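Remarks on the overall topology
Listed here are the chains, written in short residue letters.
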Amino acid sequence: MATRRDFLRGCLAGGAVAATVVPTPAVARDTHERPPEALGLLYDATLCVGCQACVAACKQANDNPAEFNALDKLWDSPLDTSGHTFNIIKMYRHGTMTTKDSEENGFAFMKTSCMHCADPSCVSACPVTAMFKDPVTGVVGYDPDACIGCRYCVAACPFGIPKYQYDSPTGQIGKCELCRHRHDEGHYSACAEVCPTGATLFGRSEDLLAEARRRLKLQPGQWTTMPRGRLPAPGETAEQAAKWKAPRDQQYEAQVGDYVPHIYGETEYGGTQVLKLSAVPFAKVGMPDLPPRSSAATSETIQHTLYGGLLMPLAVLGALTFVARRNVVADDDSEKGGQ
Amino acid sequence: MSAHQHAQPAPVGGRLFNTATFVCGILIAIMVAILITRFIFGLGAVTNLNDGYPWGIWVVVDVVIGSAFACGGFSVAMLVYIFNKGQYHPLVRPALLASLFGYTLAGVGVIFDLGRWWNFWHIFWPTYANPNSVMFEVALCISAYILVMWIEFSPVFLEKWGLRDAKKKLNKLLFFVIALGTLLPMMHQSSLGTLLVVMGTQVNPLWQTPVVPLLYLLSAITIGYGIVLFESCVASSAYRRQIEMHLLQPLAKVMLGTLALFLAVRIGDLVARGAFGHAFAPTLEAFVFWLEMLLFTVPYLLIGTAAARRNPARLFVAGVAIMLGGIFLRLNGFLIGYDTGPGWNYFPSIAELLVTLGMFAIEVLAYIIITRRFPVLPREEAAH
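Residues numbered from 1 in each chain as written. Chains lettered and ligands numbered in written order. Predicted model: local features only at pLDDT ≥ 70, side-chain atom pairs only at ≥ 80, totals over all residues.

Among the nonpolar cores identified, the biggest contains 220 residues, and Cys-153 of chain A together with Val-60 and Leu-229 of chain B are the most heavily contacted of them. In terms of residue count, the dominant contributor to this core is helix α7 (residues 212-238) of chain B (16 residues). The contact partners of Cys-153 of chain A, leaving out residues within four places of it in the chain, are Cys-122, Ala-125, Cys-126, Met-131, Pro-162 and Ile-173 of chain A. (Core = buried A, V, L, I, M, F, W, Y, C linked by C-beta atoms within 7 Å. Buried ≥ 20, exposed ≤ 12 C-beta atoms within 10 Å, placed from the backbone. Helix = DSSP H or I, 4+ residues; strand = E, 2+ residues; numbered from the N terminus. Contact = placed C-beta atoms within 7 Å.)

Let's shift gears to the interface of chain B and chain A. Taken together, the contact pairs 63 residues of chain B with 65 residues of chain A. Every element with two or more residues in the side of chain B that touches chain A is listed here: α1 (19-41), α3 (72-82), α5 (134-160), α6 (164-194) and α7 of chain B. Looking at the side of chain B that touches chain A element by element, the count peaks at 13 residues for α6 of chain B. Looking at the side of chain B that touches chain A residue by residue, the classes come out as 37 nonpolar, 22 polar and four charged. (Nonpolar A, V, L, I, M, F, W, Y, C, P; charged D, E, K, R; others polar.)

This part covers the packing of helix α4 (residues 89-113) of chain B against helix α11 (residues 350-373) of chain B. All names here are of chain B. Contact geometry for α4 and α11: axes closest at 10 Å, N-to-C directions at 145°. Taken as a pair, α4 and α11 cross one another with a handedness that is right-handed. Residues Leu-97, Ala-98, Phe-101, Gly-102, Leu-105, Gly-109 and Phe-112 of α4 form the contact with α11, whose own contacting residues are Val-355, Met-359, Ile-362, Glu-363, Ala-366, Tyr-367 and Ile-370. Residues that form the contact of α4 with α11 fall into these classes: 11 nonpolar, two polar and one charged. (Axes fitted to C-alpha atoms, helices over the stretch in contact; angles between N-to-C directions. Left-handed = near helix turned anticlockwise from the far one by under 90°.)

This part takes up the sheet that holds strand β12 (residues 274-277) of chain A. Residues and elements named next belong to chain A. Spatially, three strands are ordered β9-β1-β12 in an open sheet, and the strand pairing comes out mixed. A strand with exactly one partner marks an edge of an open sheet, and here the two such strands are β9 (200-204) and β12. Across this sheet, the average inter-strand angle for adjacent strands is 20°, counted without regard to direction. With four bridges joining them, strand β1 (residues 39-44) and β12 adopt parallel strand pairing. Note on β12: the bridge partner recorded for Leu-41 is Val-274. With respect to the sheet, helix α6 (residues 205-217) is in contact with β1, β9 and β12, its orientation differing from that of β9 by roughly 130°. (Pairing = 2+ DSSP bridges.)

Next up, the structure:
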């Protein structure tokens, strides 16, 4: 029964199939932007003194155990974020390490914690919505009761943030959730709450971005007022401020750093809600160079082009069924003929 | 009608207990012991997994590579039922059997790797499911395909147990099951490649591309034919049967065709994206890229001519080359070309390797048992 026509029909089905795996930009998914009321942090590496108060406060706020990496197990000494450590301050070292915030013969600090992406790879990757982005605050949260532990979020994140607890038979993913569980109690992110220099500042991402831009415009070494704890929104009333327990006016006079002219997180992957300023180039302090288009957008564009409304799979199934019906019946007949 | 177009399938027969099955049994026992440790003490107790490499060989080898190796059934069924090449029909059942086990075990193997496996059902539950996730599509599609394959293969059991009515009923619907059994692997074999996309710049540009779904699909189909060459040769030698050369020769030609298509897309994409330069950097990634390319071109040197295709040894080696090429394409994208920054390393632990070996042993053992007791391989005339 193998006629030329059947073969051509098969080719036709093959062509329809090829069409299903060649993405076209027909249903292109744009990179998401930060929600207007997005909350975040501004980390200014030039203000950071490396005291690690934020690391300790984060441990406490998230009820995480100490991790020991020194011989004497006296205090918490995590080397990186982990399933039990959601925030650490890393150190850049070069040459003689004499000057703070100098690329040559200097040292510098960098905070490592969740960036709360506008368009998070982890949220796109998670098959069971255990990683989710709050539609209002934009905080990327995690629900262990939903999680299946596949660790696709760990693999997907360009910042290496979601981490899994490999030491437990019921291990969870651990990551910074911007202390969302404390917001209702009047506490914002513990790291910002305890930061003595305002190097880590909590606030609305929009306000933090404006503050970062302001600092970049100032002359290095110039004295200016630096907020601490939380950056109030412009025109914030005393009533609105009363939502938070920490005192409102904690600003002090400090000198402006010699920043590289870049606000990390302004455009990376469509922007992040945590923003960073640094005097040492970001690539050298472990922040990856990311394009403005998120990989989540690219991935979902491919998926939705192929599977949007199941149109393409159903069309291909129809073609395959049509062709298979003719060919399988023929095959069945020949078998019957033999019996 | 007096004569069959081709030999009907029949059980091979013979003893079930022999050296091969005994070794398989031991490997499986070791695997079970390791898995018990894993489920009591966690993934860290037996694996070298870490947050820089959260996916090790249990995902990349057992699932991503394992399911591609299980594409023989899909590739041959497509050839027979969609392109109406009925002459390959005797190859369908053995190929489908290997696929059935490859996929079923890949599905079971996922559970070993899931950190919170008791929530696995969430993938199928609408309030949890995330249709934006590539993993969601892969999981759903593979699960559906495992089901479809058992239905596709069930005539073997129905024949053995003499359930003629059930088989007749099933035969009427078989065309739809076969269509579904062709569509589903296309969907998830391509999506297994798409899994890489969201990982972004962490994946080397030699393997990070928007056409990765097409590359994984074309390579999976090609591997499917490579596997059939491999399996037919191994089954013939192990059971001392004649090699089905009249089928394998033209099948090898089909394989070279799909391979050419794959290579055209592969190279065209690298050139179009301007990523070819990475292949000439003095890196491990560039080296394994060329290794992958070499393995995918070797078949043309081995079985490029009709005369060469008459040599069963060459067909076998060409099949193995395709399989190794498929291994490297996947290993390179998911592990060797996946870089999460300085300080992260991964090489599978002995325990991880033994579990993967144990999974392979289950496949071999089940293949032996089923082909000896159920009508899968074509009836051997010399046996009568």
